[in-house]
Amino acid sequence: MSSQLLVGPDRFNGRMEDFGYEYLAFANVKLSADGWHEGDTAERELAIVVLGGRCSVESARGEWRNFGSRAHVFDGRPYTLYLPPHTRFRVSTEAGCDLALCYARAEEEHEGRLVTPEEVQVEIRGGGNATRQIHHMIRPEFPAHRLLIVEVYTPAGNWSSYPPHKHDVHNPPHEVDLEEIYYYRIQRPEGYAIQKVYTADRRIDATLTVRDGELVLVPEGYHPVVAAHGYDVYYLNALAGSARSMAASDDPDYAWVRAGWREKDPRLPLV
């Protein structure tokens, strides 16, 4: 099971991969100076997250010129461009860029829209050594069909997605059924994170060592993360499923830890 949940970049670098999911698909596109990438959203909606550099996008739904403000993911908040289904697009760059393309199957059509860094909602979540920083880019109230996008910064040695939570049952408003990916960047290339993915009955019980540029699939179950000591960890979450909600339920064995949180980690915000 571990080998099926941990995905190396060779599967999604420069091309879309759906990993066998019903809704989600993903690609990482890195363009050098004067490079370009063309695509078609077809039956999916798309969020283009600028991980680093600057780019321009031309499409039948609009044109957005020369956007992007961070050199890499640890350098600030992102620009995120939303495109609806049935949209041909062309990405180009003068100096180079690093992009995450997050797709979700969709039947509704909404307007294309660029979410600027100033519009990104920043949340410092958790407490103690489970404090982390959340960037909300495409939230449940955003005009899209299924796609939800956030990015998370976990300081070195801290836990994230903790207490362990899951969203694999459609029981709103308490929990909704969402597929999810975790796409990782580590502040130094030799660093790593550890992620568990497990179900209550241990039908799935995987402990994964995740390195820079790798991706973890979360089709169901609880999925906490810890950053190795000395290495700040970034991950991009794309989610899609039964409702436009982030409702989740904690593992009842560990939910009690929330009551012990008194202070936030003073290292946050990281960016």
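Below you will find a few notes about this structure. The residue count restarts for each chain, going from 1 along the sequence in the order it is written. For this predicted model, a pLDDT threshold of at least 70 governs which residues receive local features, and a threshold of 80 or more governs which side-chain atom pairs are given and counted, while totals over whole chains, interfaces and linings are taken from all residues. Note that water and hydrogens are dropped before the side-chain values are worked out from all heavy atoms of the structure.

Let us now look at the packing of aromatic side chains. Two aromatic rings from Phe, Tyr or Trp, using only the six-membered ring of Trp, form a pair when their centres are within 6.5 Å; if the ring planes differ by under 30 degrees the pair is stacked, by over 60 it is edge-to-face, and anything between is tilted. Across all of its chains, the model carries 14 aromatic pairs by this definition. Ring geometry for Phe-74 and Tyr-234: centres 6.5 Å apart, planes at 70 degrees, overall edge-to-face. Placement of Phe-74 in the loop between β6 (62-67) and β7 (80-83) and of Tyr-234 in strand β21 (residues 233-241) is noted, with a sequence separation of 160 residues between them. Burial classes: relative accessible area under 20% of the type maximum marks a residue as buried, over 50% as exposed, and values in between as partly exposed (1.4 Å probe, protein chains only). Among the residues examined, Phe-74 registers a relative accessible area of 14% and is labelled buried. An angle of 35 degrees between the planes, with centres 5.2 Å apart, marks the rings of Tyr-198 and Tyr-222 as tilted. Helical segments are the DSSP runs of H or I of at least four residues, strand segments are the runs of E of at least two, and each set is numbered from the N terminus.

All right, on to the pairing of strand β18 (residues 205-211) then. Each regular strand shows side chains that alternate between the opposite faces of the sheet. Here β18 shows a buried face lined by Ala-206, Leu-208 and Val-210 and an unburied face lined by Asp-205, Thr-207, Thr-209 and Arg-211. Note: two strands are recorded as paired if DSSP finds a minimum of 2 bridges between them. Sheet topology places strand β17 (residues 192-198) next to β18; 7 bridges connect them, and they run antiparallel. Residue pairing for β18: Ala-193 is matched across the bridge by Val-210. In this antiparallel pair of consecutive strands, β17 and β18, the connection spans 6 residues, and Arg-202 shows a positive phi of 60 degrees.

The next subject is the pattern of salt bridges. Any carboxyl oxygen of Asp or Glu that lies within 4 Å of a side-chain nitrogen of Lys or Arg is treated as forming a salt bridge with it. One pass over the structure, following the stated rule, counts 24 salt bridges. Arg-90 is the salt-bridge partner of Glu-38, the closest N and O atoms lying 3.6 Å from each other. Within this pair, whereas Glu-38 is found in strand β3 (residues 36-40), its partner Arg-90 is found in strand β8 (residues 88-92), the two being separated by 52 residues in sequence. Given the relative accessible area of 43%, Glu-38 is considered partly exposed. Take Arg-90: its relative accessible area is 28%, and that puts it in the partly exposed class. Because the salt bridges share partners, they merge into one network encompassing Glu-22, Arg-105, Glu-107 and Arg-146.

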